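For reference, the chains in residue letters:
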Amino acid sequence: MEYDVKYMRRAIQLAKSSMVDTHPNPNVGAVIVAAGRIIGEGYHRCCGQPHAEVNAVNSVAPADKHLLTEATIYVTLEPCSHYGKTPPCAKLIIDNKIPHVVIACGDPFEKVRGRGVKMLRDAGVEVVEGVLEEEALELNPHFFGAHRAGRPYITLKWAQSADGYMDAIRSDTEPAFQFSTPLDATLMHRQRALHDALLTTASTLLADKSRLDVRHWDGPNPKIVIIDRRGLIDETVAEQLPVFEGRQRHIVIVSSRQLQLPGVENIKVDCEQSLEGIMQELYKRGISSIMTECGPRMLQALIDAGLYDNVRVFTSTEELGERGVAHAPQIP
């Protein structure tokens, strides 16, 4: 058991090597041990590319290939058992005749969920589960949260004044009041890159003309989910909004109207559809994590519906007093 913990810690360390590019897939690390030493290791680098187990097996030197038949592979997450963008990792382990597998935690994804372990055991592979499980679960809160709840993992984020306002009185041509510092902005753009999508509303986009990108951080621009129950955004209005510029962003618009624009995915809703139903639909479409970029009304609606997993609030030292508008939401 002492050796299992030692090598699983290394697998967890490897999994942390890629904390941006893998989503909506989880961060996973793998270590192969034989003859008392590590002969191969790897981690999942990017969604659609080889999984950690594949990279670990491929890293084994030709002179050590014969040791695979007596090796133990340590993996932070249950090896997959289905054909997705890559072949099943459980089959890879079986084909390479690796006799021992140590797993930190099971995979909650419905296409795996115990099937990987069963495939291995049915092939005669010895499987040990639960080594450093808590540490491994902490690697992927978005992944585990989404697949357990059947909706995206939701991070609520807003900035407010010291007296609890989210904006100041301004004209239609003035930008939104800035509470955050340049360091705050960099941190928030990093957080954007760690989520599959940013959730906003049509009214927020029309008021703020936000770009909603990661220009202050090196990472992928997330998808944009726009809730537009009243159908405020049509093709003409979209031409005036920065998020639609260049048609290079994947935009999901949840609206009473269908927007006929390249790169736009439409979800038709009526005014009666619940936020929970909308979140479940987004999950079905492959969005496993969301961060909010919206006003207090939508934030409060999400809080009241219990649709949040994490909250990040930036509070300025400045008070707005009589200039303040849009009270920040209240968390129970």
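Below you will find a few notes about this structure.

## Quick notes on the nonpolar core
Burial of nonpolar side chains together is a common tendency in soluble globular proteins. Ranked by size, the top nonpolar core spans 44 residues in total, and within it M8, I32, I73 and V101 carry the most contacts. By residue number, the principal contributor to this core is helix α1 (residues 2–15), which donates six residues. Those residues in contact with V101 that sit more than four places away from it in its chain are I73, I93, L120, V125, E126, V127 and V128. Core analysis: the next-biggest nonpolar cluster, separate from the first, contains 25 residues, M279, L282, I287 and I303 among them.

## A closer look at the sheet that holds strand β4 (residues 100–105)
Here we have five strands laid out as an open sheet, ordered β2-β1-β3-β4-β5, and mixed in their pairing. Because the sheet does not close on itself, it has two edges, and the strands there are β2 (37–43) and β5 (126–129). Shown here is a sheet whose adjacent strand axes are inclined to one another by a mean of 15 degrees, direction ignored. As paired elements, strand β1 (residues 29–34) and β2 share six bridges and run antiparallel to each other. Paired with G29 across the bridge in β2 is Y43.

## Some thoughts on the pattern of salt bridges
Counted by the stated rule, this structure contains 15 salt bridges. The partner of D64 in a salt bridge is R37, and the shortest N-O contact between them spans 2.8 Å. With D64 in the loop between α2 (52–58) and β3 (72–77) and R37 in strand β2, this residue pair connects regions lying 27 residues apart in the sequence. The closest approach of N and O atoms between E129 and R121, which form a salt bridge, is 3.3 Å. Overlapping salt bridges, with partners in common, bring together K157, R192 and E293 in one network.

## Here's the deal with the sheet that holds strand β9 (residues 223–228)
If you walk across this open sheet you meet the seven strands as β11-β10-β9-β8-β12-β6-β13, and the pairing is parallel. On the outer flanks of this sheet lie β11 (264–268) and β13 (310–315), each paired with one strand and no other. Here the average twist between neighbouring strands, direction ignored, is 20 degrees. Bridging between strand β6 (residues 153–160) and strand β12 (residues 289–292) involves three bridges; their strand directions are parallel. Bridge assignment links Y153 to a residue of β12, and that residue is S289.

## Focus on helix α4 (residues 115–122)
When we look at burial in α4, the residues that qualify are G116, V117 and L120. Down the axis of α4, the buried set is contained in an arc of 100 degrees. They therefore lie on one face. Turned more than 90 degrees off the buried face of α4, the exposed positions are K118 and D122. Buried-residue contacts for α4 involve α3 (89–95), β4 and β5. Positive backbone phi, at 90 degrees, marks G124, one or two positions downstream of α4.

## A few points about the packing of aromatic side chains
For the structure on display, the rule yields two aromatic pairs. Look at Y7 and Y74: their rings are 5.5 Å apart centre to centre, the planes differ by 40 degrees, and that puts the pair in the tilted class. In this pair, Y7 is assigned in helix α1 and Y74 in strand β3, connecting sequence segments 67 residues apart. A ring pair is formed by F143 and F144, whose centres lie 5.5 Å apart and whose planes are at 80 degrees; its orientation type is edge-to-face. Across this residue pair, the class does not change: F143 and F144 are buried.

## Details of the layout of surface pockets
Considering only enclosed or pocket space, the largest pocket measures out at about 1,400 Å³ in volume. In terms of lining, the largest pocket is formed by 50 residues, of which the most central are T204, D208, E293, C294 and G295. Put simply, the parts of the chain that give the lining of the largest pocket at least two residues each are β6, β7 (165–168), α7 (182–193), β8 (197–201), α8 (202–208), β9, α11 (296–304) and β14 (324–327). Residue classes in the lining of the largest pocket are distributed as 24 nonpolar, 12 polar and 14 charged.

Criteria and thresholds
Residues numbered from 1 in each chain as written. Predicted model: local features only at pLDDT ≥ 70, side-chain atom pairs only at ≥ 80, totals over all residues. Heavy atoms only, no water. Core = buried A, V, L, I, M, F, W, Y, C linked by side-chain atoms within 4.5 Å. Buried < 20%, exposed > 50% of the residue type's maximum accessible area, 1.4 Å probe, protein only. Helix = DSSP H or I, 4+ residues; strand = E, 2+ residues; numbered from the N terminus. Contact = heavy atoms within 4.5 Å. Pairing = 2+ DSSP bridges. Axes fitted to C-alpha atoms, helices over the stretch in contact; angles between N-to-C directions. Salt bridge = Lys/Arg side-chain N within 4 Å of Asp/Glu carboxyl O. Arc of directions from axis to C-beta. Phe/Tyr/Trp six-rings, centres within 6.5 Å; stacked < 30°, edge-to-face > 60°. 1 Å grid on protein atoms, 1.4 Å probe; cavity = no way out; pocket = protein on both sides within 12 Å on 5 of 7 lines; lining within 4 Å. Points joined across faces, edges and corners; volume = space filled by probe spheres on them. Nonpolar A, V, L, I, M, F, W, Y, C, P; charged D, E, K, R; others polar.

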